[in-house]
Amino acid sequence: MTPRTPILARAQNALAEFFRLEAAGGIVLIAAAALAMLAANSPLAHAYEVFRDTPLGSGAWAQSAHWWINDGLMAVFFLLVSLEIKREVVSGQLSSRDQLVLPVVCACAGVIAPALLFVALNQGDAGAMRGWAVPTATDIAFALGVLALLGPRVPLGMKLLLSTIAVADDLIAILIIALFYSQGLDWAALAGAGLVALAMFVLNRRKVTRLAPYLLLGLLLWALVLKSGVHATLAGVVTGLMIPHVDPRNEIDDEVEHSPLETLEHALHPWVAFAILPLFAFANAGLGLAGLQLDALLSPLPLGIALGLVLGKPVGIVGAALLMRALGLARFPDGMDLRSMLGLGLLCGIGFTMSLFIASLAYDGQPEHYAEGVLGVLGASVIAAVFGCIWLASTLPRAARQ
């Protein structure tokens, strides 16, 4: 009979696998973005555009490959994000107040500061202002991929704090998308979506643990949300929140209780990390640089995004962490000091996936603004990654305690 694995060991094993997948996925993500830039600025540029515009589906579902990636496959990404958020809230880093306070406050400050910087630079341009939320997001896969370059020198506390800030950051981004980037609501479709969500809630309350009913209803929910005018990827968020996790109130030992949420998360993680996100990066990061001049780089929109990510993120996160420590409400994680906190803040300026996604929503139908938004996100993410990596490489001890 196999002995029970202590819950702490299980959590450490799951965390190790999570970081391994995210770090490797981040490296693949970087490669996909680089490949897109090469394709868009080479003789393959026409083939790249043909790939993005290739029609897929038939009838009412005939859409471009680019649309299916952004509105279809990204719903699976949001499903995974939702599963991770629920797991963290129920049984992980967001389940206790002591663990919750520092990353949530840092995440909120790391959203507000970049948004204020962007607004300050773009308040005279109503079209550009639709992208105020573009510099507010952190890309956990990209950031952990950069951390992986530093190997065992990175303390576990830094990885935990970075991942938890990013999870809270994703939750804020989901709320922003729902509140500010939904338009032309079809109330009948929205009511139908509400009924489907209610059906999933009933399944959850009746303790149905088979995944198939939730996933089938989730597919129906995606179609209804798409028709409703709310962005379809939010269907993935709702579905993820309805998937059952361990029930701390029942008599089953939580150490051994089967969790449909963990099963689905484990199954989706490699597909999202190594297929969906790289495909999204390849389809969205291909920015043609022909004819690009220096004044375009310094125009308010890309500059606002770049300053928001590179400057606003570390200022907001580190400032909030220092304030929380000064007030005695939280302390830095083990193995971290002010210098390593600053490095973490710099890495949180890597926006990429969620920032590109919000830019595609904010500047839909505004190709010039969208191109400037992509330019700002890509430039800022590279700068944040390079500066963060160099700073941490010069300040972290040669052998960090794990």
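Cut-offs used in this document
Residues numbered from 1 in each chain as written. Predicted model: local features only at pLDDT ≥ 70, side-chain atom pairs only at ≥ 80, totals over all residues. Heavy atoms only, no water. Helix = DSSP H or I, 4+ residues; strand = E, 2+ residues; numbered from the N terminus. Areas by Shrake-Rupley, 256 points an atom, 1.4 Å probe, with all protein chains shown as cover. Patch = residues over 30% accessible without salt bridge, like charges linked within 9 Å, V, L, I, M, F, W, Y side chains within 5 Å. Salt bridge = Lys/Arg side-chain N within 4 Å of Asp/Glu carboxyl O. Buried < 20%, exposed > 50% of the residue type's maximum accessible area, 1.4 Å probe, protein only. Expected span 1.5 Å × (residues − 1). Contact = heavy atoms within 4.5 Å. Phe/Tyr/Trp six-rings, centres within 6.5 Å; stacked < 30°, edge-to-face > 60°. Lys NZ or Arg CZ within 6 Å of the ring centre and 35° of its normal. Core = buried A, V, L, I, M, F, W, Y, C linked by side-chain atoms within 4.5 Å. Axes fitted to C-alpha atoms, helices over the stretch in contact; angles between N-to-C directions. Parallel < 35°, antiparallel > 145°, perpendicular 65-115°, else oblique. Left-handed = near helix turned anticlockwise from the far one by under 90°. Polar contact = N/O pair within 3.5 Å; in protein donor to acceptor, adjacent residues only side chain to side chain. Disulfide = S-S within 2.5 Å.

A. Summary view of the overall build of the protein. Helices and strands together make up the secondary structure of the protein, namely 16 helices and 2 strands. Carbon together with sulfur atoms contributes 68% to the accessible area of the protein, which is approximately 18500 Å² in total.

B. Region of interest: a nonpolar patch on the surface. A cluster of nonpolar side chains, Val382, Ile383, Val386, Phe387 and Ile390, forms an exposed patch at the surface whose accessible area comes to about 450 Å². Structurally, valine 386 is set in helix H16 (residues 367–395). Valine 386 sits in the partly exposed class, given a relative accessible area of 40%.

C. Representation of helix H7 (residues 156–180) within the structure. Relative to the 36 Å expected for 25 residues at 1.5 Å per residue, H7 spans 36 Å between its end C-alpha atoms, a close match to the ideal helical length. The buried fraction of H7 amounts to 18 of the 25 residues, a majority that puts the element mostly inside the structure.

D. Representation of the environment of phenylalanine 118 in the model. With respect to the secondary-structure elements, phenylalanine 118 resides in helix H4 (residues 97–122). If we skip the residues at most four places from it in the chain, phenylalanine 118 touches Ala128, Met129, Gly131, Trp132, Pro135, Leu301, Gly304, Ile305 and Tyr363.

E. Focus on the packing of aromatic side chains. In this structure the tally under the stated criterion is 12 aromatic pairs. Judged by centre distance (5.3 Å) and plane angle (50°), the rings of phenylalanine 78 and phenylalanine 357 are tilted. Separated by 279 residues along the polypeptide, phenylalanine 78 in helix H3 (residues 65–91) and phenylalanine 357 in helix H15 (residues 352–362) bring together distant segments of the chain. Residue class for phenylalanine 78 comes out buried when judged on its relative accessible area of 0%. Their ring planes at 80° and their centres at 5.5 Å tell us that phenylalanine 142 and phenylalanine 352 sit as a pair that is edge-to-face. Taken together, the residues phenylalanine 142 in helix H6 (residues 140–148) and phenylalanine 352 in helix H15 connect sequence positions 210 residues apart. No difference in accessibility class separates phenylalanine 142 from phenylalanine 352, as the two residues are buried. Pairwise contacts between aromatic rings join Trp61, Trp67, Trp68 and Trp222 into one cluster. The cationic tip of arginine 325 hangs over the ring face of phenylalanine 332; the distance from NZ or CZ to the ring centre is 4.2 Å.

F. Representation of the nonpolar core in the model. If you look at the biggest cluster of nonpolar residues, it comprises 116 residues, and the most contacted ones within it are Phe77, Phe78, Leu147, Leu344 and Phe352. At 12 residues, the largest contribution of residues to this core is made by H7. Every residue in contact with phenylalanine 77, bar those within four places of it in the chain, is listed here: Val272, Ile276, Leu277, Thr353 and Met354.

G. Quick peek at the environment of alanine 148. Along the polypeptide, alanine 148 turns up in helix H6. Classification of alanine 148 by relative accessible area gives partly exposed; the value is 38%. Residues alanine 148 and alanine 24 lie 124 residues apart in sequence; the distance between their C-alpha atoms is 8.2 Å.

H. A look at the packing of helix H11 (residues 260–284) against H15. Viewed as axis vectors pointing N to C, H11 and H15 meet at an angle of 55°, and their least axial separation amounts to 11 Å. What the angle tells us is that H11 and H15 run oblique. Taken as a pair, H11 and H15 cross one another with a handedness that is left-handed. Two secondary-structure elements touch here, H11 through Leu277, Phe280 and Ala281 and H15 through Phe352, Thr353, Leu356 and Phe357.

I. Representation of the pattern of salt bridges within the structure. A complete count under the given rule lists 5 salt bridges for this structure. For lysine 313, the salt bridge goes to aspartate 169, with nearest N and O atoms at 2.7 Å. Placement of the pair is lysine 313 in helix H13 (residues 300–326) and aspartate 169 in helix H7, with a sequence separation of 144 residues. Its relative accessible area of 1% is what places aspartate 169 among the buried residues. Between arginine 339 and aspartate 337 there is a salt bridge; the shortest N-O distance is 3.8 Å.

J. Broad picture of the side chain of histidine 369. The topology assignment puts histidine 369 in helix H16. In this structure the side chain of histidine 369 is engaged in a polar contact, spanning 2.6 Å, whose partner is the side chain of glutamine 366. Not counting residues within four places of it along the chain, the set of residues in contact with histidine 369 comprises Asp125, Gly127, Ala128, Leu301 and Tyr363.

K. The side chain of threonine 233, seen in detail. Residue position: threonine 233 is located in the loop between helix H9 (211–228) and helix H10 (234–242). A distance of 2.8 Å separates a polar atom in the side chain of threonine 233 from a polar atom in the side chain of histidine 231. What threonine 233 contacts, discounting residues up to four positions off in sequence, is Asn70, Asp71, Met74, Ala75, Phe78 and Phe357.

L. Focus on H6. Among the 9 residues of H6, 8 are classified as buried, and the element is accordingly described as predominantly covered. Its side-chain oxygen placed 2.9 Å from the backbone nitrogen of phenylalanine 142, aspartate 139 serves as the N-cap of H6.

M. Region of the structure containing unusual backbone geometry. Phi at lysine 207 is positive, roughly 60°, even though this residue is not glycine. Within the secondary structure layout, lysine 207 lies in the loop between helix H8 (187–205) and H9. With phi around 45°, phenylalanine 352 is a residue other than glycine that occupies positive phi space. The class for phenylalanine 352 is buried, based on a relative accessible area of 2%.

N. Layout of the state of the cysteines. A complete count under the given rule lists 0 disulfides for this structure. We note that cysteine 106 lacks a disulfide partner, and the nearest cysteine sulfur, in cysteine 348, lies 8.5 Å from it.

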